[in-house]
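Chain residues, written in single-letter form:
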Amino acid sequence: MPFVRIDTPRAGPERLAALSRAVHGALTETIGITPDDRFQVLVDHDGTSGTLRCHDCLGVHRDEGIAYVTTTLRSGRTPAQKRAPYRRTA
């Protein structure tokens, strides 16, 4: 059971739900988790009660559309298996 956390700055509920579906779809397609195995924390930072920094760094521009996705998997998967969901989500 992968644990997923998605943090966004002011994305709104529809976009956050779409990101959730995209990440979950990538996990089911690439590493074979079951469709009902959804363990996610979705956080939309509103800029007042929580803070999410997204400054430019090393020439990469980050704006309000950025989404931070963290996936935690149990040990036992190969590096290629771990990279596959990220490629599919992107």
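Note: the structure precedes this text.
Basis of the calculations
- Residues numbered from 1 in each chain as written.
- Predicted model: local features only at pLDDT ≥ 70, side-chain atom pairs only at ≥ 80, totals over all residues.
- Heavy atoms only, no water.
- Helix = DSSP H or I, 4+ residues; strand = E, 2+ residues; numbered from the N terminus.
- Expected span 1.5 Å × (residues − 1).
- Buried < 20%, exposed > 50% of the residue type's maximum accessible area, 1.4 Å probe, protein only.
- Contact = heavy atoms within 4.5 Å.
- Axes fitted to C-alpha atoms, helices over the stretch in contact; angles between N-to-C directions.
- Parallel < 35°, antiparallel > 145°, perpendicular 65-115°, else oblique.
- Left-handed = near helix turned anticlockwise from the far one by under 90°.
- Pairing = 2+ DSSP bridges.

**Q** Whenever I open this one, the environment of Glu29 confuses me. Can you help?
**A** In this structure, Glu29 sits in helix H1 (residues 13–31). Sequence-wise, Glu29 and Leu58 are 29 residues apart; in three dimensions their C-alpha atoms are separated by 33 Å.

**Q** Could you clarify how one ought to interpret H1 in this entry?
**A** End to end, H1 covers 27 Å across 19 residues, agreeing with the expected 27 Å (1.5 Å per residue, within 8%). Every buried residue belonging to H1 is among Leu16, Leu19, Ser20, Val23, His24, Gly25, Ala26, Leu27 and Ile31, and all of these are buried. Of the surrounding secondary structure, the elements contacted by the buried residues of H1 are strand E1 (3–9), strand E2 (40–45), strand E3 (68–72) and helix H2 (79–89). Positive backbone phi, at 75 degrees, marks Gly32, one or two positions downstream of H1.

**Q** Help me understand the packing of H1 against H2 in this model?
**A** Helix-helix packing is described using two parameters, namely the angle between the two axes and the distance between the axes. Where H1 contacts H2, the axes come no closer than 8 Å and their chain directions differ by 135 degrees. Looking at the two axes, H1 sits oblique to H2. Where H1 crosses over H2, the two elements pack in a sense that is right-handed. Seen from H1, the contacting residues are Ala22, Val23, Ala26, Leu27, Glu29, Thr30 and Ile31; seen from H2, they are Gln81, Ala84, Pro85, Arg88 and Thr89.

**Q** Help me understand the pairing of E1 in this model?
**A** In regular strands, side chains alternate between the two faces of the sheet. Counting buried positions over the seven residues of E1 gives five, a clear majority of the element. Where E1 and E3 come together, five bridges link them in antiparallel fashion. In the strand pairing of E3, Phe3 is matched with Thr72.

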